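Notes for the structure review
Given next are the chains, with one letter for each unit.
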Amino acid sequence: MTSVSAAPIRRIAHLDMDAFYASVELLRYPQLKGLPVVIGGGRRKIDEALRDVPDGGTLADIPVGAFPLLKDYVGRGVITTATYPARQFGVGSAMGLMKAAKLCPQAIILPVDFDEYRKYSRRFKQVITEIAPVMEDRGVDEVYIDFTQVAGGQREGGRVLARLIQKSIFEATGLTCSIGVAPNKLIAKMASEFDKPNGISVVFENDLQGRIWPLPCRKVNGIGPKADEKLQRHDIRTIGELAARDRDWLIANFGKATGAWMHEVAWGRDERPVVTESEPVSMSRETTFDRDLHAVRDRAELGAIFTHLCEKVAEDLQRKGYVGKTIGIKLRYDDFKIATRDQTIDHFTADAKAIRQVGGQCLKRVPLERPLRLLGVRVGALLKATEADAAKLARANPGGGRQAADTLDATARTASLF
């Protein structure tokens, strides 16, 4: 008589590095551990603190009093991340540095160093894939991992494997992370926030009502401020209250797709797989100005910034081997309102001049009376450059690409903004 073993229970983990950028900086400056520190305001070029390195010393020997304080910052930059001691004062990511200075003036401010963060990002992800190879990259500091078939992935609901990964990352990098393990991505992402920093939280199949339903709806990845505000107008504040609403009612009030999705997530349903390889949807570059700029008075400066952003996006595309055909712009005004516009052309490109030309057309479609805080450029509808070349060769009309380029040049000549 042949016995059939039961299929393993699905175990998906969400791993989130703890205050990642700030934690990397604390490796460089261990004397700042335990202090409120914010990262932001500009990219690292030459470390200003280097001038205070004692003779024969290292960065770790720089006196704490030599570091710049947030109260002395002047500019329009925003916080990229902050250490947990700084967060206790209400300081957080995406907050303006000037506002943060009022909440925590004694915080130390450091510039961002993306090269260093990417180096540590590659390192911790390599550690993960050596233990659990089915990993989905979700950005510089977070991943999803499929524990289901991995040794130790079922023990204590995945806690044993999570501990191994957490310990291995710390030994390899000196950095801590928080891990949530659950039956799916949706709940795993929520669980990774339960016990930060350096925590592990396991949510089992029967934990939905006790651990998930009491949470605010905003804890669901995908329910933003506007949707949450509308839910609250209907007296729906928790995930449990959302689950109590009828599916048809949600569809009637939030639309067919969104209403049906809300019903599914409220009941903890999510069948999305962990995807080991995914193509980027878009590539973008943006910058926040040190002072507000006006489209007329500061036209030359804005033009130079716009050109630079287009060139950097083009470099990103070319370096990674992509082309795109939807080009867009993003503006943030002095009142923090945001405007976006995009335009899809009839051929793929990774050319800085073409991106700038079409971006210029997009700029003509937004109001430019108010001063600007931020300017961004985006290229979407991406395709691998090799695939685009093959498709171009296969087209029945070999002159189509030249005609498209001629059309683009003609429309670009009418652009005058920036």
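Counting starts from 1 at the beginning of each chain's written sequence and moves along it residue by residue. Owing to the predicted nature of the model, reporting of local features is limited to residues with pLDDT of at least 70; listing and counting of side-chain atom pairs is limited to 80 or more, with chain, interface and lining totals taken over all residues. With hydrogens and water set aside, each side-chain value is computed from the structure's full complement of heavy atoms.

Taken in spatial order, the 5 strands line up as E5-E6-E1-E7-E8 in an open sheet, and their pairing is mixed. Each edge of the open sheet carries a strand with a single partner, namely strand E5 (135–137) and strand E8 (200–202). The mean inter-strand angle of the sheet, taken between neighbouring strand axes irrespective of direction, is 15 degrees. Across 5 bridges, the pairing between strand E1 (residues 12–17) and strand E6 (residues 142–146) is antiparallel. Opposite Asp16, over in E6, you have Glu142 as the bridge partner. Residue contacts follow a heavy-atom distance rule, with two residues in contact if any of their heavy atoms lie within 4.5 Å. Think of each axis as a best-fit line through the C-alpha atoms, taken over the contacting stretch in the case of a helix, with angles from 0 to 180 degrees between the N-to-C directions. In this description a helix means any DSSP run of H or I spanning at least four residues, a strand means any run of E spanning at least two, and both kinds are numbered starting from the N terminus. Strand contacts of helix H5 (residues 159–173): E1, E6, strand E7 (177–182) and E8, with the helix running at about 160 degrees to E7, the strand carrying the most contacts. Strand pairing requires that DSSP identify at least two bridges connecting the strands.

What follows is about the pairing of strand E10 (residues 322–333). Moving residue by residue along a regular strand, the side chains alternate between the two faces of the sheet. Categorising residues by exposure relies on relative accessible area from a 1.4 Å probe, with only protein chains included: less than 20% of the type maximum marks a residue as buried, more than 50% marks it as exposed, and the intermediate range marks it as partly exposed. Within E10, 10 of the 12 residues are buried, which leaves the element mostly enclosed by the surrounding structure. As paired strands, E10 and strand E13 (residues 383–384) are joined by 2 bridges and run antiparallel to one another. For Tyr322, the partnering residue across the bridge sits in E13 and is Lys384. In this antiparallel pair of consecutive strands, E10 and strand E11 (residues 338–349), the connection spans 4 residues, and Phe336 shows a positive phi of 75 degrees. Strand direction decides the pairing type here: E10 and strand E12 (residues 372–380), joined by 8 bridges, are antiparallel. Among the inter-strand pairings, Thr326 is bridged to a residue of E12, identified as Gly380.

Moving on: the packing of helix H12 (residues 299–320) against helix H13 (residues 352–363). Closest axis-to-axis distance for the H12/H13 pair is 9 Å, and the angle between their directions is 130 degrees. On the basis of their axis angle, the class for H12 and H13 is oblique. The crossing of H12 and H13 is right-handed. On the side of H12, the interface is formed by Gly303, Phe306, Thr307, Cys310, Glu311, Val313, Ala314 and Leu317, while H13 contributes Ala352, Ile355, Arg356, Gly359, Gly360 and Leu363. Here roughly perpendicular refers to angles of 65 to 115 degrees, roughly parallel to angles under 35, roughly antiparallel to angles over 145, and oblique to all remaining angles. Working rule for handedness: look at the near helix, and if it is turned counterclockwise from the far one by less than a right angle, call the crossing left-handed; if clockwise, right-handed.

Turning our eyes to something else, we now look at helix H4 (residues 114–131). Here the expected span of a helix is defined as 1.5 Å times the quantity of residues minus one. Taking 1.5 Å of rise per residue, the 18 residues of H4 would be expected to cover 26 Å, and the 26 Å separating its terminal C-alpha atoms lies within 8% of that figure. Inspection of H4 places Tyr117, Tyr120, Ser121, Phe124, Lys125, Val127 and Ile128 among the buried residues, and these make up the whole buried set. Buried residues along H4 cover an arc of 150 degrees about the axis, so they all sit on one side. Turned more than 90 degrees from where H4 packs its buried face, Asp115, Arg122 and Glu130 sit exposed. Starting at the helix axis, one direction is taken to each C-beta atom, and the arc is that of these directions.

A word on the packing of aromatic side chains. Centres within 6.5 Å make a pair out of two Phe, Tyr or Trp rings, where for Trp the six-membered ring is used; the pair is then stacked when the planes are under 30 degrees apart, edge-to-face when over 60, and tilted otherwise. The final tally for this structure, using the stated rule, is 7 aromatic pairs. On the numbers, 6.0 Å between centres and 55 degrees between planes, the contact of Phe20 with Tyr21 is tilted. Neither Phe20 nor Tyr21 differs from the other in exposure class; each is buried. Only Lys NZ and Arg CZ are tested; either one counts as a charge over a ring when it is within 6 Å of the ring centre and within 35 degrees of the ring normal. Lying over the aromatic face of Tyr120, Arg123 brings its terminal NZ or CZ to 4.8 Å of the ring centre. The ring of Phe254 carries Lys230 above its face, with NZ or CZ at 4.7 Å from the centroid.

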